[in-house]
Amino acid sequence: MIREEVKKEVEDILKRDKEYRIIQGRPCFLTKEKGFVRLDTIGGGTDCIVVEFAENEEEACNNRFEDGDLFPIDEGKEFIAREVLKELEDS
């Protein structure tokens, strides 16, 4: 699945620069405000990377993430990674 490959590549880019923890087997990136961001995918003709937010580690461990921005995978992994990095800095 291409969107899963793109998600993994974006996560790998983010891991180079951002603190993260593995929560429920998935990398979750720490925000400036001590929340967490993780990436997911949406298929069905839209093929997007979805940025999901949890307010704190407890919420993240309880899988209480809220959907945020959507990025079509055709925007490219570098663009998506830059935008997610901005979100990590702003939240």
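For the structure, see preceding data.
Residues numbered from 1 in each chain as written. Predicted model: local features only at pLDDT ≥ 70, side-chain atom pairs only at ≥ 80, totals over all residues. Heavy atoms only, no water.

### Brief notes about the nonpolar core
Next up, step 1: Within the largest apolar cluster, 15 residues are counted, with the highest numbers of intra-cluster contacts made by V10, L14, L39, I80 and V84.
Next up, step 2: For this core, the secondary-structure elements that each account for two or more residues are helix 1 (2-17), strand 3 (36-42), strand 4 (48-54) and helix 3 (77-90).
Next up, step 3: When sequence neighbours within four positions are dropped, the list of residues in contact with L14 reads F29, L39, A81, V84 and L85.
Next up, step 4: Core analysis: the second largest hydrophobic core is formed by seven residues, I23, L30, F36 and F65 among them. (Core = buried A, V, L, I, M, F, W, Y, C linked by side-chain atoms within 4.5 Å. Buried < 20%, exposed > 50% of the residue type's maximum accessible area, 1.4 Å probe, protein only. Helix = DSSP H or I, 4+ residues; strand = E, 2+ residues; numbered from the N terminus. Contact = heavy atoms within 4.5 Å.)

### Some thoughts on the side chain of R38
Next up, step 1: Following the sequence through the fold, R38 ends up in strand 3.
Next up, step 2: We classify R38 as buried; its relative accessible area is 7%.
Next up, step 3: There is a polar contact of 2.6 Å between the side chain of R38 and the side chain of E52.
Next up, step 4: A polar contact of 2.9 Å, which involves the side chain of R38, links it to the side chain of N63.
Next up, step 5: The residues contacting R38, other than those within four sequence positions of it, are Q24, R26, P27, C28, V50, V51, E52, N63 and F65. (Polar contact = N/O pair within 3.5 Å; in protein donor to acceptor, adjacent residues only side chain to side chain.)

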